[in-house]
Amino acid sequence: MKLIAEETIEEAKKHLEGSAEEMKSQIEKVNEVAHKLAAAMYEKSQAEGGAEGGAEGEPPSDEPSSSTADDVVDAEFEDISKK
């Protein structure tokens, strides 16, 4: 898939100085390849991330992780230097 994307981009570069119709055609080809790459990456991430993530559609937990729970301070302040 990477080779196809590289070839499509190189072909599009050849038409940068061409007519508007040629450029539109090349842009469409590049977009098609980009969509195919995105779909392949999405499928791969779903296959790899299925065991790591929670159930599909499950919202993330609001519970803070143990590493950040002690470092967070919720406070308000007022800049008195401008008064």
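Just so we're clear, the structure is a prediction, and the values are computed from it rather than from any experiment.

### What to know about the overall build of the chain
Okay, so step 1: Within the chain, the regular secondary structure consists of three helices and zero strands.
Okay, so step 2: Secondary structure elements of the chain occur, N-terminal to C-terminal, as α-α-α.
Okay, so step 3: Within the structure as shown, the chain displays about 7,800 Å² of accessible surface, and the carbon and sulfur contribution to it stands at 54%.

### A few points about the packing of helix α1 (residues 2–14) against helix α2 (residues 20–49)
Okay, so step 1: Following both chains from N to C, one finds α1 and α2 inclined at 165 degrees, their axes separated by 9 Å at the closest point. Judged by the inter-axis angle, α1 sits roughly antiparallel to α2. Along this stretch, α1 crosses α2, giving a crossing that reads as left-handed. Between α1, through I4, A5, T8, E11 and A12, and α2, the contact on the second element is made entirely by Q26, K29, V30, V33 and L37.

### Digging into the pattern of salt bridges
Okay, so step 1: Enumeration over the complete set of coordinates arrives at two salt bridges.
Okay, so step 2: Residue E10 is joined to K13 by a salt bridge in which the shortest nitrogen-to-oxygen separation is 3.5 Å. One end of the pair is E10 and the other is K13, both in helix α1 and three residues apart, which spans about a single turn.
Okay, so step 3: With a closest N to O distance of 4.0 Å, K14 and E11 form a salt bridge. Residue K14 and its partner E11 are both found in helix α1; the two are separated by three residues, about one turn of the helix.

### Regarding the side chain of Q26
Okay, so step 1: For Q26, the position within the fold is in helix α2.
Okay, so step 2: Among the residues examined, Q26 registers a relative accessible area of 6% and is labelled buried.
Okay, so step 3: The contact partners of Q26, leaving out residues within four places of it in the chain, are T8, E11, A12 and H15.

### Some points on the confidence of the model for the chain
Okay, so step 1: Considering every residue of the chain, the mean pLDDT works out to 77; 75% of them sit at 70 or more.
Okay, so step 2: Least confident of the elements in the chain is helix α3 (residues 66–69), whose mean pLDDT is 54; most confident is α2, at 88.

Cut-offs used in this document
Residues numbered from 1 in each chain as written. Predicted model: local features only at pLDDT ≥ 70, side-chain atom pairs only at ≥ 80, totals over all residues. Heavy atoms only, no water. Helix = DSSP H or I, 4+ residues; strand = E, 2+ residues; numbered from the N terminus. Areas by Shrake-Rupley, 256 points an atom, 1.4 Å probe, with all protein chains shown as cover. Axes fitted to C-alpha atoms, helices over the stretch in contact; angles between N-to-C directions. Parallel < 35°, antiparallel > 145°, perpendicular 65-115°, else oblique. Left-handed = near helix turned anticlockwise from the far one by under 90°. Contact = heavy atoms within 4.5 Å. Salt bridge = Lys/Arg side-chain N within 4 Å of Asp/Glu carboxyl O. Buried < 20%, exposed > 50% of the residue type's maximum accessible area, 1.4 Å probe, protein only. pLDDT = per-residue confidence, 0-100.

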